[in-house]
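# Fold and contact review
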Amino acid sequence: MQVEVHNRQGKVVCVLDVDKERTYLDNAEEWAWDTAQHIAEETKQRGELLGLRLGASAQRMPDEQKKPLHWWQRLRQTFNRQGCHVDIPISLFEDYRCPTCEHSTIQPVSGVGSVMAIGFSPGHPVAGYACQNPDCQVYDVAVPKVLVTTIDERP
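Anyway, here's the lowdown on the structure attached to this text. Small disclaimer: the values here were computed from a predicted structure and weren't measured.

So, on to the packing of aromatic side chains. According to the stated counting rule, one finds one aromatic pair in the structure shown. Their ring planes at 85° and their centres at 5.7 Å tell us that tyrosine 96 and tyrosine 129 sit as a pair that is edge-to-face. Here tyrosine 96, found in the loop between helix H2 (71–80) and strand S3 (106–112), pairs with tyrosine 129, found in strand S5 (residues 126–131); they are 33 residues apart in sequence, far enough to count as distant.

Moving on, we get to the pairing of strand S4 (residues 115–118). Here four bridges tie S3 to S4, and the two strands are oriented antiparallel to one another. Its bridge partner lying in S4, glycine 111 is registered against methionine 116. Taking the residues between adjacent antiparallel strands as the criterion, S3 and S4 are bridged by two residues, where glycine 113 takes a positive phi near 65°.

The next thing to look at is the side chain of serine 110. Following the sequence through the fold, serine 110 ends up in strand S3. The contacts of serine 110, once residues within four sequence positions are left out, are Val115, Met116, Ala117, Gly119, Phe120, Ser121, His124, Pro125, Val126 and Ala127.

Our next topic: the sheet that holds S4. Spatially, four strands are ordered S4-S3-S5-S6 in an open sheet, and the strand pairing comes out antiparallel. Here the strands that pair on one side only, and so sit at the sheet edges, are S4 and strand S6 (142–144). Strand-to-strand twist in this sheet, taken as the mean axis angle between neighbours without regard to direction, amounts to 35°.

A few words on the environment of asparagine 133. Of note, asparagine 133 is situated in the loop between S5 and S6. Spatially, the C-alpha atom of asparagine 133 lies 9.0 Å from that of cysteine 98, the residues being 35 residues apart in sequence. Those residues in contact with asparagine 133, other than ones at most four positions away along the chain, are Cys101, His103, Thr105 and Tyr139.

This brings us to unusual backbone geometry. For glutamate 102, which is not glycine, the phi torsion reads 65° and is therefore positive. By the element assignment, glutamate 102 lies in the loop between H2 and S3. Residue aspartate 140 is not a glycine yet carries a positive backbone phi of 70°. Relative to the elements of secondary structure, aspartate 140 occurs in the loop between S5 and S6.

Take a nonpolar patch on the surface next. Residues Trp71, Trp72 and Leu75 make up a contiguous nonpolar surface patch of roughly 390 Å² in combined accessible area. Its place among the elements puts tryptophan 71 in helix H2.

What follows is about the nonpolar core. If you look at the biggest cluster of nonpolar residues, it comprises 25 residues, and the most contacted ones within it are Val5, Trp31, Ile106, Tyr129 and Leu147. Those elements that place two or more of their residues in this core are strand S1 (2–6), strand S2 (12–17), helix H1 (28–65), S5 and helix H3 (145–149). Tallying contributions element by element places H1 first for this core, with six residues. Setting aside residues no more than four positions away along its own chain, tryptophan 31 makes contact with Leu25, Thr100, Val138, Val141 and Val143.

Attention shifts here to the environment of serine 110. Given a relative accessible area of 0%, serine 110 falls into the buried group. Between the C-alpha atoms of serine 110 and proline 122, which are 12 residues apart in sequence, the distance is 9.3 Å.

Another aspect to go through is the pairing of S2. Bridge analysis of S1 against S2 gives five bridges, and the strand direction is antiparallel. Its bridge partner being in S2, glutamate 4 is matched across the sheet by valine 15. Count of turn residues in the S1/S2 antiparallel hairpin: five residues, of which glycine 10 carries a positive phi of about 90°.

Definitions and cut-offs
Residues numbered from 1 in each chain as written. Predicted model: local features only at pLDDT ≥ 70, side-chain atom pairs only at ≥ 80, totals over all residues. Heavy atoms only, no water. Phe/Tyr/Trp six-rings, centres within 6.5 Å; stacked < 30°, edge-to-face > 60°. Helix = DSSP H or I, 4+ residues; strand = E, 2+ residues; numbered from the N terminus. Pairing = 2+ DSSP bridges. Contact = heavy atoms within 4.5 Å. Axes fitted to C-alpha atoms, helices over the stretch in contact; angles between N-to-C directions. Patch = residues over 30% accessible without salt bridge, like charges linked within 9 Å, V, L, I, M, F, W, Y side chains within 5 Å. Areas by Shrake-Rupley, 256 points an atom, 1.4 Å probe, with all protein chains shown as cover. Salt bridge = Lys/Arg side-chain N within 4 Å of Asp/Glu carboxyl O. Core = buried A, V, L, I, M, F, W, Y, C linked by side-chain atoms within 4.5 Å. Buried < 20%, exposed > 50% of the residue type's maximum accessible area, 1.4 Å probe, protein only.

Rendered as structure tokens:
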């Protein structure tokens, strides 16, 4: 079954393919917008956290670089790859939490040729996000990235 997702103006933003036998959705359009908004909020929070970490390390870096280094210190630094070090929490790379089953199982889906691959695929853009929990009601139903990027047009 195909479900059309509309924006405020009534235009069709995308079409979802939903298997009625495996998926238990009362209102697939509302679920898609809710999930897209949840993913957009988590992405924004993770981006802000990373920006704060990078900003704090950038403020510390000029103070450390003020003192001149001798040639052997620069050589050791280059050899050991010592330089700017930023602690990035591992939670930035965890999967997104699914609002339906409450597990951290939403993963990006990339289009690799004519096949949809789960997870990030280097060199291929992210096409959407799907829950990978087999016990979830919306298992393997992909929320297109178009909904996440146009969340401000939600009806």
